[in-house]
Amino acid sequence: MNKNIAIIKGDGIGPEIVNEAMGVLDAVAARFGHTFTYTDAPMGGNAIDAFGVPLPDSSLETCLASDSVLLGAVGGPKWDSQPSVNRPERGLLKLRGAMKLYSNVRPARMFSDLSAACPLRPDIAARGIDFVVVRELIGGVYFGEHSTEEADGEQKATDIMSYTEHEIRRVAHVAFQMAQKRRKRVTSIDKANVLDTSRLWRRVVTEVAKVYPDVELLHMYVDNAAMQIVRDPSQFDVIVTENLFGDILSDEASQITGSIGMIPSSSMGEGTRGLYEPIHGSAPDIAGQDKANPIGTILAAAMMLRYSFDMAAEADAIEAAVDETLKAGIRCGDIWQEGCALVGCREMGRQIRSRI
Ligand code: IPM
Ligand code: MG
């Protein structure tokens, strides 16, 4: 098969990790007889420097014309003083909106070879961590009206959070369908004791659940959920939640696995085209030093093959190559432990490629 992949290398460690993921994709193409064509789409701080905006129209067009998008990471302290409408993150939000990527899937899985890195008590970790956060991605307060004004001699800022039924319904379906392929439990997280948007969320999710009688639905308030994720993560299979809660809980979920550098994510809308990225940031402190862990991005490329290109065997090959590399005791700095070989970003990429 022939696939066009838009490449957003981004800022900080973005270019290094994306290069390794492209190397792995090339190894897959060679082994399975595919052709992947890459087109660069500048986005983030580097695009602000070169074009004055975080997401130039040409980059957006490249992404919209692609079969899928692979992204490293955007942002960095250099652009922190940009006005809020022109920050690197704005490029990402605009891209999510323009591609209509309403469901963001972030797995939180502890790799058995990396259990020593888990920050939870061993008896809690031993129960296992393997759940998925399905985050609504283009609604809620992120996409509501924002304003700052002068009121009664002081500044007043407002961010509006709103949801419509169809925005909730479509992402709920994604969660239930995912649960059907897993352990058949959806935990919907909201703040229905305070927020109208959450009361609507709860009602719509409960309605959607009727279509999936084989899946158990539980509701949980977001404050309790934040606690339960560290108290007993084994209770979760699929979490579904609105945009801002999902942003916060998915960072917490990834951290308890002990290996935030290993976790990929997918963002999808109606069609097969998706946006795939590691969930970690651009790590400017180690950029350009060949220290970054490329595995999150490599596993994001595997997700792209599985979910957008329907290439399950190819995705399996990448995931197996990552597992074997870890089993061989090869580690980047973020996941290094006593007795393992410490390697840089390029060498980690080479090790994984050699096992495809
Ligand atoms: C994420 C990030 C983004 C978000 C930022 C960079 C806008 O934190 O993907 O989780 O808040 O959605
Ligand atoms: Mg986030």
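Definitions and limits used
Residues numbered from 1 in each chain as written. Chains lettered and ligands numbered in written order. Predicted model: local features only at pLDDT ≥ 70, side-chain atom pairs only at ≥ 80, totals over all residues. Heavy atoms only, no water. Domains from an automatic or database assignment. Contact = heavy atoms within 4.5 Å. Buried area = accessible area lost by both parts, 1.4 Å probe. Salt bridge = Lys/Arg side-chain N within 4 Å of Asp/Glu carboxyl O. Helix = DSSP H or I, 4+ residues; strand = E, 2+ residues; numbered from the N terminus. Nonpolar A, V, L, I, M, F, W, Y, C, P; charged D, E, K, R; others polar. Near = heavy atom within 4 Å. Polar contact = N/O pair within 3.5 Å; in protein donor to acceptor, adjacent residues only side chain to side chain. Areas by Shrake-Rupley, 256 points an atom, 1.4 Å probe, with all protein chains shown as cover. Pairing = 2+ DSSP bridges. Right-handed = clockwise from strand over helix to strand, strands pointing away. Buried < 20%, exposed > 50% of the residue type's maximum accessible area, 1.4 Å probe, protein only. Phe/Tyr/Trp six-rings, centres within 6.5 Å; stacked < 30°, edge-to-face > 60°. Lys NZ or Arg CZ within 6 Å of the ring centre and 35° of its normal.

Re the domain arrangement of the chain
Moving on, step 1. On domain assignment, one finds that the chain holds domain 1 (2-118 + 257-353) and domain 2 (140-240).
Moving on, step 2. Taken over C-alpha atoms, the centre of domain 1 sits 26 Å from the centre of domain 2.
Moving on, step 3. If you look at the interface, domain 1 gives six residues, while domain 2 gives seven residues.
Moving on, step 4. Together, the buried faces of domain 1 and domain 2 total about 600 Å²; carbon and sulfur atoms form 79% of this surface.
Moving on, step 5. It is Leu-93, Tyr-102 and Val-105 in domain 1 that bury the most area against domain 2; as a group they hold 65% of the surface buried on that side.
Moving on, step 6. In this assembly, domain 1 and domain 2 are joined by zero salt bridges.
Moving on, step 7. Elements with a minimum of two residues in the side of domain 1 that touches domain 2: helix H4 (88-98) and strand E4 (103-109).
Moving on, step 8. No other element matches H4, which puts three residues into the side of domain 1 that touches domain 2.
Moving on, step 9. Split by residue class, the side of domain 1 that touches domain 2 holds three nonpolar, two polar and one charged.

Some words on the site of ligand 1
Moving on, step 1. Around ligand 1 sit Glu-89, Arg-96, Arg-106, Arg-135, Tyr-142 and Asp-247, and those are all the residues in its vicinity.
Moving on, step 2. Side-chain polar atom of Arg-135 to an oxygen atom of ligand 1: 2.8 Å apart, as the coordinates give it.
Moving on, step 3. Take Tyr-142: an N or O atom from its side chain is 2.6 Å from an oxygen atom of ligand 1.
Moving on, step 4. Summarising the interface, the protein chains cover 74% of the accessible area of ligand 1, which totals 320 Å² for the free molecule.

Regarding the pairing of strand E9 (residues 216-221)
Moving on, step 1. Strand direction decides the pairing type here: strand E8 (residues 185-190) and E9, joined by six bridges, are parallel. Opposite Thr-187, over in E9, you have Leu-218 as the bridge partner.
Moving on, step 2. Handedness of the β-α-β unit built from E8, helix H7 (residues 196-209) and E9 comes out right-handed.

With respect to the side chain of Asp-237
Moving on, step 1. Residue position: Asp-237 is located in the loop between helix H8 (222-231) and strand E10 (238-241).
Moving on, step 2. Given the relative accessible area of 1%, Asp-237 is considered buried.
Moving on, step 3. Polar contacts involving the side chain of Asp-237 include one to the side chain of Arg-182, which spans 2.7 Å.
Moving on, step 4. A polar contact of 3.2 Å, which involves the side chain of Asp-237, links it to the backbone nitrogen of Arg-185.
Moving on, step 5. If near-sequence neighbours (up to four positions away) are discounted, Asp-237 is found in contact with Asp-130, Phe-131, Val-132, Ala-179, Arg-182, Arg-183, Lys-184 and Arg-185.

With respect to the environment of Val-208
Moving on, step 1. Position of Val-208 among the secondary structure elements: in helix H7.
Moving on, step 2. C-alpha of Val-208 to C-alpha of Ala-65: the two residues are 143 residues apart in sequence and 32 Å apart in space.
Moving on, step 3. Leave out the neighbours within four places in its chain, and Val-208 touches Arg-169, Ala-172, His-173 and Phe-176.

Examining the packing of aromatic side chains
Moving on, step 1. As enumerated under the stated definition, the model contains four aromatic pairs in all.
Moving on, step 2. Seen in terms of ring centroids, Phe-131 and Phe-236 are 5.6 Å apart; in terms of plane orientation they differ by 50°. Their pairing is tilted. Highlighted residues: Phe-131 in strand E5 (residues 130-136) and Phe-236 in the loop between H8 and E10, separated in sequence by 105 residues.
Moving on, step 3. A residue is classified by how much of its surface remains accessible, and Phe-131, at 0% relative accessible area, is buried.
Moving on, step 4. A centroid spacing of 5.3 Å and a plane angle of 5° characterise the contact between Phe-176 and Tyr-212, whose relative ring orientation is stacked. One end of the pair, Phe-176, is in helix H6 (residues 165-180); the other, Tyr-212, is in the loop between H7 and E9, and 36 residues separate them in sequence.
Moving on, step 5. Of the residues examined, Phe-176 reaches a relative accessible area of 0% and is grouped as buried.
Moving on, step 6. Arg-109 extends its terminal NZ or CZ atom over the ring of Phe-111, reaching a point 4.5 Å from the ring centre.

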